[in-house]
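# Working through the structure, step by step
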Amino acid sequence: IAGFSVSASWGEDDMWDAALSYRGEAGDFKIGAKAGYGETTDNNDTGSCAVVGTRRECQWWGVSATIQHIPTGLFLYGGYGQQMDDNAKRVLGASAEDTNSTAYIQGGIEQKVFAIGKTVVFGEYRKDEAGSPEIARTLIGHANSIRESELDFWATGIVQSIDAAAMDVYVIYRHAEGVTTDFTSQAKTPIDGFDMIMMGARIQF
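Predicted model, so just to flag it, every value in this text is computed and none were measured.

A full pass over the atoms with the stated rule returns six salt bridges. Linking Asp128 and Arg126 is a salt bridge whose minimum nitrogen-to-oxygen distance equals 2.6 Å. A relative accessible area of 11% means that Asp128 is categorised as buried. Among the charged side chains, a salt-bridge network with shared partners connects Lys127, Glu150 and Asp152.

Looking now at the pairing of strand β6 (residues 58-69). Bridge analysis of strand β3 (residues 29-40) against β6 gives 12 bridges, and the strand direction is antiparallel. For Gly38, the partnering residue across the bridge sits in β6 and is Trp60. Where β6 lies against strand β7 (residues 74-85), 11 bridges are found, and the strand directions are antiparallel. Among the inter-strand pairings, Gly62 is bridged to a residue of β7, identified as Gly81. What sits between β6 and β7 in their antiparallel hairpin is a turn of four residues, with Gly73 showing a positive phi close to 80 degrees.

This paragraph deals with unusual backbone geometry. Of note in this structure, Ala2 is not a glycine but carries a positive phi near 50 degrees. Counting through the fold element by element, Ala2 comes out in the segment before β1 (4-11). Its identity as a non-glycine residue notwithstanding, Ala166 has a phi of 50 degrees, on the positive side. We classify Ala166 as partly exposed; its relative accessible area is 34%.

Okay, the packing of aromatic side chains next. Tallying each qualifying case throughout the model produces five aromatic pairs. Between Trp61 and Tyr80 the ring centres are 5.6 Å apart and the planes differ by 55 degrees, which places this aromatic pair in the tilted class. With a gap of 19 residues between them, Trp61 in strand β6 and Tyr80 in strand β7 connect regions that are remote in the sequence. On the accessibility criterion, Trp61 (31% relative accessible area) is partly exposed. With a relative accessible area of 31%, Tyr80 lands in the partly exposed category. Pairing Trp154 with Tyr173 gives two aromatic rings, centres 5.5 Å apart and planes at 65 degrees, and the pair type is edge-to-face. Placement of Trp154 in strand β10 (residues 146-162) and of Tyr173 in strand β11 (residues 167-182) is noted, with a sequence separation of 19 residues between them. Over the aromatic face of Phe153 sits the side chain of Arg126, whose NZ or CZ is 5.0 Å from the ring centroid.

Rules used throughout
- Residue positions are given per chain, counting from 1 as you read along its sequence in written order.
- Where totals are concerned, whole chains, interfaces and linings use all residues; where local detail is concerned, this predicted model gives features only for residues with pLDDT of at least 70, and gives and counts side-chain atom pairs only at 80 or more.
- To obtain the side-chain values, all non-hydrogen atoms of the structure were included, while hydrogens and water were left out.
- Definition used for salt bridges: Asp or Glu carboxyl oxygen within 4 Å of a side-chain nitrogen of Lys or Arg.
- Partly exposed describes any residue whose relative accessible area lies between the buried limit of under 20% and the exposed limit of over 50%, with all areas from a 1.4 Å probe on protein chains only and scaled to the type maximum.
- Being paired, for any two strands, means DSSP has found at least two bridges between them.
- Secondary structure is summarised from DSSP: a helix means a run of H or I of at least four residues, a strand means a run of E of at least two, and numbering begins at the N terminus for each.
- Under the pairing criterion, centres of Phe, Tyr and Trp rings, with the six-membered ring standing for Trp, must be within 6.5 Å; the plane angle then separates stacked pairs below 30 degrees from edge-to-face pairs above 60, leaving the rest tilted.
- Throughout this description, the term charge over a ring refers to an Arg CZ or Lys NZ atom that lies within 6 Å of the ring centre and within 35 degrees of the ring normal.

Now the structure itself:
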């Protein structure tokens, strides 16, 4: 309706979520946006939520948007999301970090430089702030366990579409680094930086 759509799901006694999406154009710009919320109290959920007795209580939400200038192919995409664990402090103590978050931004340009298909050149940055992992509850006194982590990723790459084969060929460089915080001492420990180059192709059927 007017570019908007709504979706929702429920199951597993109980897990549910809902989302609102928009897709449309304004002048020379294509615009897309989404917002969603969900939660679980499913006793059998074996994800990242802590458990008290047989009950898990987690909520998550996220928003994202993208805009592209049609004549030039320039685009910008961004998103942010959180997951909250109501049981984290009950299981791990008051010092536990009960929220995980991710922020992401990507910008680039999409143009048909070659007749075979469009070429995309992009750069991106992502920051994760991870809360106390459930596994920490098994460590006596939380010794040598992680209270929280901050991870930074940035990447740049190029993707070439081959329309006749419904194929994308890509080369991407990505760097990651971060820091962890100890439960008891609150000391911060850097995580060794990691660099990777990814090359490959994807065929869509």
